[in-house]
Amino acid sequence: MTRPVTKLWQNMIDGEYSLAQIHVTTIEDVELAHEPELLDVFDHPRPLGLSPGYDTRDCLVALAIADDKNCYIVEFPPPKFDRKQNARKPLSKEAEQGRAILQERILCRTTGDRYAFDMAPLSMSLSSINLRVVNAIDIQSAYSPVDRKPLTAIREAIGDTVKIIEENILDVFRNPVYDKTNRNRFTDLGLRAWVSQFLAGYGNAEVTFANAKRIDTLNLTSEKISMISKVTQDRLRLDLIKPGEKTHRGVATRFDSNGKVDLLSPSFSNRFRGNENVRIRMNGQNGEVVQRGRIAGTAKRAGSVATDRDFSSITSVDVRVIGRDDPTTAEARRDATLLRVLQGEYNLLNDSPWTQNVWFPTPDGRFIWPEDWAKEAIVQPPSSPPTFPSEIEDNLARLNTSQQRAINTMISSDDSHRLVLIQGPPGTGKTSVIAAFVQMVDIMGYRGIWLVAKSNVAVKNIAEKLLSVNFTSWRLIVSRDFKDGWAVLPIIPLNTLIVDEASQIEIGSYIPIFSDMKTLRKYLLMGKKICRICKELKTSTGSYMNDEEKMVAIQIAQHLQNSGKKYKIITPYEGQTTAIQNEMKETEDLDWGDKCFNVDSFQGNEEDYIIISLVRSRELGFLPSLRRTNVMLTRCKKGMFIVTSEDFLLGAGADSLVGQLVHNIPREGLISVADVKDGKFLKDLERKTLKVKKAQD
């Protein structure tokens, strides 16, 4: 069968290579089952370049394979959806056979190596569709250990011998999304694979890559693949939802005589970063002027751009930054650690009790800690009860029972209290608990406490709380972006790690701490909602209930009632219906009569607003029943609130009708537990409703 071939000319490397032509052929995995000879063009020992294409949900949907002349893009269509079963159909035998041939002939062939930028996440994406790879080389790891931008690696590989067109390289690597509706979808994907194999054969590359460690997922245990794949997929998902561009409005400028303009962002959170491509729109006495450029030097909120224009008469400046933000330092360390594991440094996972307990627990769920840790008390017990100053005694006396219990657990050196979760809604005094704990253990002679948080504001709040109780024996460690002009302080060995706003931090970010911090003995997570998994419980009658979903549903009901909106709560399980009804009866000033129903009993009824509690968090439960799901999702006249966990919708429930519905809802349609508590979601709903009415008028 003759297939259309598209000719590409690479535009990234100048000189004699500018005439390099690549023949691109697109096929589907099922075609390889019938025509394995399609891959005969790669039956040689020369390097192969690989490049992944993702859909907007971070699923691997295409893989480009290239040598110096040919590029094949293998597409992986997702299995079709079975409406009767309300789930995706199993992969066809032809697709399974085609992928097995791809693995044998390309990914695990015995001759030659495979090269790719960011090979670690690519290898895990391949594992997500049951493909393994051996002798796989991560290109960036052979060059800069810190800067993993593809442009940096290409610069170092090519050197000054040949000119590279940096703008084109940035364009080729800007967007990893493979859109099948775009007729030019294969261009960037094919060029990324081509340049990967090109670097492997250019100049002194054989020596450079000889010492690069290979990735081998064929011989990696399924447990390690599952763990690394989960962390990697979370990272890809978060990367893909980063905005592709952002706008700085009201930027301050300063023009110098050296042909540069300094741009000062109004806020640190929206600061400029090095090597960002920007489009500057200026308004002045002579009208609007547009200047394109790239951020060069940066300092705090500012960045500079080379220009041949005079900014002295400009009255206002807006700057549009093109491209996603680079990884943070924490994200880069996480990725580097996972890469080292995939390259064979399994001790990073095996030797850490924290990693083993969090990701590889025992079948009975018990945590196992080194025996010698039990001899190291978190706080050495004093020979006599410690004496606290009256000011601290007063602070401790103001703590309620739950706060005191939290502090006792934080101080405990018992093995059952090494990993502690402390949860509480806003305003319940979590920061006060941190301050009281720090005051107590400081007097008891304990050191090595790190208080960390995701945001600068959270760290500032902790610091201000410590100051408010007159505790000043601490040092503030800030990010590199913040520390210009600051003295670098020696870092005290870490013994106890307290993480505030822990629910905002992706769990994979802790891997470097667990693998590198050998002195860590206690790990405390504090936040509004530590775990996103709402746990289901089986009742004595065989039904199911979910206590966390129950409370969230009732909070939504209270806000709707207070704003005069009509609502009903429906749930597919009688156990949850009973639990919600009983809780509503106990909730002051909440109407409970004729408010909560089982899905089946509510069939044929409607209400303005419907609150749905899905209940299940581990398995699909009733969701494969398309009839019941359809009844549940079609009862509202104006709005619907689905109470569940994001982990469930991205995992077991991803292919259900509810999962598909949620995947088509923009991010602003997802409401956090904190938003439910303070009623912010209802204010947003009313504002959007008002906009719709105005538009209709």
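Conventions we followed
- Note that residues are indexed from 1 along each chain, following the sequence as it is written.
- Confidence filtering applies because this is a predicted model: local features only for residues at pLDDT of at least 70, side-chain atom pairs given and counted only at 80 or more, and all residues used for totals across whole chains, interfaces and linings.
- Excluding hydrogens and water, the side-chain figures rest on all heavy atoms present in the structure.
- Each residue is placed in one exposure class: buried if its accessible area under a 1.4 Å probe, protein chains only, is under 20% of its type's maximum, exposed if it is over 50%, and partly exposed if it falls in between.
- Secondary structure elements are taken from DSSP: a helix is a run of H or I of four residues or more, a strand is a run of E of two residues or more, and numbering for both begins at the N terminus.
- A pair of strands is labelled paired if DSSP reports no fewer than 2 bridges between them.
- Nonpolar side chains (Val, Leu, Ile, Met, Phe, Trp, Tyr) are joined into patches within 5 Å and like charges within 9 Å, using only residues with over 30% relative accessible area and no salt bridge.
- What sets the accessible areas is the Shrake-Rupley method with a 1.4 Å probe; for residues, cover comes only from the shown protein chains.
- Salt bridges, as used here, are contacts in which a Lys or Arg side-chain nitrogen is within 4 Å of a carboxyl oxygen on Asp or Glu.
- As a rule, the C-alpha atoms of each element are fitted with a line to give its axis, helices using only the stretch in contact, and angles between N-to-C directions run from 0 to 180 degrees.
- For this classification, under 35 degrees means roughly parallel, over 145 means roughly antiparallel, 65 to 115 means roughly perpendicular, and everything else is oblique.
- In this scheme the crossing of two helices becomes right-handed for a clockwise turn of the near helix relative to the far one and left-handed for an anticlockwise turn of less than a right angle.
- Any pair of residues with heavy atoms lying within 4.5 Å of one another is described as a contacting pair.
- For this classification, the nonpolar set comprises Ala, Val, Leu, Ile, Met, Phe, Trp, Tyr, Cys and Pro, the charged set comprises Asp, Glu, Lys and Arg, and every other residue, Gly included, is treated as polar.
- By this rule the span expected of a helix is its residue count minus one, scaled by 1.5 Å.
- What pLDDT reports is the predictor's confidence in each residue, on a scale of 0 through 100.

To continue, consider the pairing of strand β18 (residues 419-423). Where burial is concerned, the two faces of β18 differ: the one with Val420 and Ile422 is buried and the one with Leu419, Leu421 and Gln423 is not. Direction of pairing for β18 relative to strand β21 (residues 522-527): parallel, over a ladder of five bridges. Each bridged residue has a counterpart across the sheet, and for Leu419 the counterpart in β21 is Tyr523.

Here we take up a nonpolar patch on the surface. Taken together, Leu661, Ile665 and Leu670 make up a surface patch of nonpolar side chains, about 200 Å² in accessible area. You can see Leu661 is positioned in helix α21 (residues 657-663). By relative accessible area, which is 32% here, Leu661 ends up partly exposed.

As a further point, take the packing of helix α13 (residues 401-411) against helix α14 (residues 430-443). Orientation of α13 relative to α14, taken along the N-to-C sense of each, is 45°, at an axis distance of 10 Å. Between α13 and α14, the angle falls in the class oblique. Our pair here, α13 against α14, has a crossing hand that is right-handed. Mapping the contact onto sequence places Gln403, Ala406, Ile407, Met410 and Ile411 in α13 and Val433, Ala436, Phe437, Met440 and Val441 in α14. For the contact of α13 with α14, the per-class residue count stands at nine nonpolar, one polar and no charged.

This part covers the sheet that holds strand β25 (residues 596-598). With respect to topology, four strands assemble into an open sheet ordered β25-β24-β26-β27, the strand pairing being parallel. This sheet does not close on itself; its edge strands, each paired only once, are β25 and β27 (636-643). Taken over all neighbouring pairs, the strand axes of this sheet differ in orientation by 25° on average, direction set aside. For strand β26 (residues 607-613) and β27, the ladder comprises six bridges, and the chain directions are parallel. Bridging from a neighbouring strand, Ser613 pairs with Val643 of β27. The strands touched by helix α19 (residues 626-633) are β24 (567-571), β25, β26 and β27; relative to β27, the strand with the most contacts, the crossing angle is about 120°.

With 14 residues, helix α9 (residues 329-342) extends 20 Å between its outermost C-alpha atoms, agreeing within 8% with the 20 Å of an ideal straight helix rising 1.5 Å per residue. All buried positions along α9 are accounted for by Glu331, Arg334, Asp335, Thr337, Leu338, Leu339, Val341 and Leu342. Phi turns positive one or two residues past the end of α9, at Gly344, with a value near 110°.

Residues with a pLDDT of 70 or more make up 78% of the protein, whose mean pLDDT is 81. When mean pLDDT is compared element by element in the protein, strand β8 (residues 114-116) scores highest at 97, while helix α23 (residues 680-696) scores lowest at 55. This model gives residues 483-489 a pLDDT under 50, and the stretch forms seven contacts once residues within four places in sequence are excluded. In the model, residues 529-533 has pLDDT below 50 throughout and makes 17 contacts with residues more than four positions away in sequence or in other chains.

Before going further, it helps to examine the sheet that holds β21. One open sheet accounts for four strands, arranged β18-β21-β20-β19; its pairing is parallel. The open sheet is flanked by β18 and β19 (449-453), the only strands paired with a single partner. When the angles between neighbouring strand axes are averaged without regard to direction, this sheet yields 15°. In terms of strand pairing, strand β20 (residues 496-500) meets β21 through four bridges, oriented parallel. Across the sheet, the residue bridging to Thr496 is Lys522, located in β21.

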